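What the coordinates show
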Amino acid sequence: MIPMPGDPAKKVIVTQESGPVGSAGGGSGGKSVKGFHIFTVSIHVEPTEGEYKPGQVHYAFTVPTGWKWVEWGNHYYYNDETYQTTPAKPLDVQVDGKVLSFDLDTHLNSTTSDGTRLAFTVMVEPVSGTKPGTYSDGLAVVGKSGQQLLPVQATLWGITTQ
């Protein structure tokens, strides 16, 4: 948890809500098992009271070993108090090697059309030949130096099975 500039009482929390679990190959008959899997990552601030509006924020997700990004993603707001979500909207993502990135005007608790949590769903597919195991060498970075939001990092993980 990292305090926000100008407001030492607020901390940004990045959480991986779900991660991919799938086979990188060796399915029946020795064929690779294809298919897309979803990462869900969210951000929220603590304490949750009061609006949070840092403006345009840069997001960069590095995929863990055994997976590669599919150039697709969306975002939605979730309200932890009412358990309601907003309709998902597409993200304009760029993929450069193992890094998927995008910029988004970020705000929480600021209008009736957002929520207490901002969630992202991004898609991956398994890389053929990866050994089974849990890989936790992925990284989610929210913000960058020079922005109103300090960089906040969290580990991303994925599980490769046989």
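For the structure, check the block above.
Below is a summary of the structure that appears in this document. (Residues numbered from 1 in each chain as written. Predicted model: local features only at pLDDT ≥ 70, side-chain atom pairs only at ≥ 80, totals over all residues. Heavy atoms only, no water.)

1. Considerations on the sheet that holds strand E13 (residues 152-161)
Taken in spatial order, the six strands line up as E3-E13-E12-E5-E10-E9 in an open sheet, and their pairing is mixed. For this open sheet the edge positions go to strand E3 (21-23) and strand E9 (94-96), each flanked by a neighbour on one side alone. Each adjacent strand pair in this sheet contributes to an overall mean axis angle of 30 degrees, direction not counted. (Pairing = 2+ DSSP bridges. Helix = DSSP H or I, 4+ residues; strand = E, 2+ residues; numbered from the N terminus. Axes fitted to C-alpha atoms, helices over the stretch in contact; angles between N-to-C directions.)

2. Points about the pattern of salt bridges
For side chains bearing opposite charge, pairing can occur when the charged atoms are close. A complete count under the given rule lists three salt bridges for this structure. A salt bridge links Glu17 to Arg117, with the nearest nitrogen and oxygen atoms 3.4 Å apart. Pair noted here: Glu17 is in strand E2 (residues 7-18) and Arg117 is in strand E11 (residues 117-126), with a separation of 100 residues, a long-range link. Judged by its relative accessible area of 42%, Glu17 is partly exposed. Accessibility expressed as a relative area gives 15% for Arg117, which makes it buried. Among the salt bridges present, the one from Asp80 reaches Arg117, with a minimum N-O distance of 3.3 Å. Of this pair, Asp80 sits in the loop between strand E6 (67-79) and strand E7 (84-85) while Arg117 sits in strand E11; the two residues are 37 residues apart in sequence, bridging distant segments of the chain. (Salt bridge = Lys/Arg side-chain N within 4 Å of Asp/Glu carboxyl O. Buried < 20%, exposed > 50% of the residue type's maximum accessible area, 1.4 Å probe, protein only.)

3. Describing the pairing of strand E12 (residues 133-142)
Consecutive side chains along a regular strand alternate between the two faces of the sheet. Sheet topology places strand E5 (residues 52-62) next to E12; four bridges connect them, and they run antiparallel. The partner of Phe61 across the bridge, within E12, is Ala140. Note: E12 against E13, eight bridges, orientation antiparallel. What sits directly across from Gly133, in E13, is Thr160.

4. A word on the nonpolar core
By size, the foremost hydrophobic cluster in this structure holds 29 residues, and its most contacted members are Val14, Tyr59, Phe61, Trp69, Phe102, Leu118 and Phe120. Looking at this core, the elements that each hand over two or more residues are E2, strand E4 (37-46), E5, E6, strand E10 (99-108), E11, E12 and E13. Setting aside chain neighbours within four positions, we find Phe61 in contact with Val41, Trp69, Lys98, Val99, Leu100, Phe102, Phe120, Val122, Leu139, Ala140, Val141 and Leu156. (Core = buried A, V, L, I, M, F, W, Y, C linked by side-chain atoms within 4.5 Å. Contact = heavy atoms within 4.5 Å.)

5. Considerations on unusual backbone geometry
Omega for the bond connecting Glu46 with Pro47 falls within 30 degrees of zero, at -5 degrees, which places this linkage in the cis form. Despite not being glycine, Asn109 has its phi angle at roughly 55 degrees, a positive value. Here Asn109 shows up in the loop between E10 and E11.

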